[in-house]
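# Survey of secondary and tertiary structure
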Amino acid sequence: MGKIFLVVPDAPLEDVAPLKANRTVGDKGIRLGVLDNSKGNADYLLNFIVEGVKKEFKVASVALKRKPASSAAATTRILDELEKEADVVVSAMAD
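One numbering rule holds for all chains: residues counted from 1, following each sequence as written. Local features in this predicted model are restricted to residues whose pLDDT is 70 or higher, and side-chain atom pairs enter the listing and the counts only when it is 80 or higher, whereas totals over whole chains, interfaces and linings include all residues. Water and hydrogen atoms were dropped before computing side-chain values, which therefore reflect all heavy atoms in the structure.

## Notes on the overall build of the protein chain
To keep things clear, this is the line we draw: Only DSSP runs of H or I with at least four residues qualify as helices, and only runs of E with at least two residues qualify as strands; both kinds are numbered from the N terminus onward. Buried, partly exposed and exposed residues are distinguished by accessible area as a fraction of the type maximum, computed with a 1.4 Å probe on protein chains only: under 20%, between the cut-offs, and over 50%, respectively. Contacts are assigned to residue pairs that have any heavy atoms within 4.5 Å of one another. Where accessible areas are quoted, they stem from the Shrake-Rupley method and a 1.4 Å probe; at the residue level, only the protein chains shown are allowed to cover.
When helices and strands are counted, the protein chain shows 2 helices and 3 strands. Burial statistics for the protein chain: of 95 residues in total, 23% are counted as buried. Contacts in the protein chain between residues at least 24 apart in sequence constitute 76% of all its contacts with a sequence separation of at least 6. For the protein chain, the exposed surface amounts to about 8,000 Å²; the carbon and sulfur share of it is 57%.

If you want it as structure tokens, here you go:
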């Protein structure tokens, strides 16, 4: 029989070395892409994430795209637009 591992979210954190960024954000800032999966409250969660990113990094632009339905994959058009308009893309689900 295989082992079962439980992850307890309130368990104490292990001592680890802090991560150091290997890349820097250019003078113009990042072009942030946002892919909304069209589930309820996803827009609120993504706006919260965008505001947090803006507090930590210089953001040159935000490209917001929304899938037509949560059960469908993002269209080729949406993915192509994000590829052209964003350096990094954030996607989130919510209900």
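## Some points on the environment of Lys67
Cut-off, in case you're wondering: Two N or O atoms count as a polar contact when they lie within 3.5 Å, although within protein this holds only if one can serve as hydrogen donor and the other as acceptor, and sequence-adjacent residues are included solely when both atoms are side-chain atoms.
In this fold, Lys67 is placed in the loop between β2 (59–66) and α2 (76–85). A sequence separation of 32 residues divides Lys67 from Leu35, and the C-alpha atoms of the two residues are 7.3 Å apart. In this view, Lys67 contacts Leu35, Asp36, Asn37, Ser38, Ala72, Ala73, Ala74 and Ile78; residues no more than four positions away in its chain are not counted. In terms of polar contacts, Lys67 uses its side chain to reach the backbone carbonyl oxygen of Ala72, at 2.6 Å.

## Side note on helix α1 (residues 42–56)
Note the cut-off: The span expected for a helix works out to 1.5 Å for each residue beyond the first. Taking the helix axis as origin, the arc is that swept by the directions to the C-beta atoms.
Between its first and last C-alpha, α1 extends 21 Å over 15 residues, near the 21 Å set by a 1.5 Å rise per residue. Along α1, the positions that sit buried rather than exposed are Ala42, Leu46, Val50 and Val53. Each buried residue of α1 sits inside an arc of 65 degrees when the element is viewed along its axis, so together they form one side. With respect to the buried face of α1, the exposed residues turned more than 90 degrees away are Tyr44, Phe48 and Lys55. Looking at the packing, one finds that the buried side of α1 touches β1 (30–36), β2 and β3 (88–92).

## Section: unusual backbone geometry
Positive phi, close to 70 degrees, is recorded for Ser38, a residue that is not glycine. Along the polypeptide, Ser38 turns up in the loop between β1 and α1. Owing to a relative accessible area of 18%, Ser38 belongs among the buried residues under this scheme. Non-glycine residue Asn41 carries a positive phi angle of around 75 degrees.

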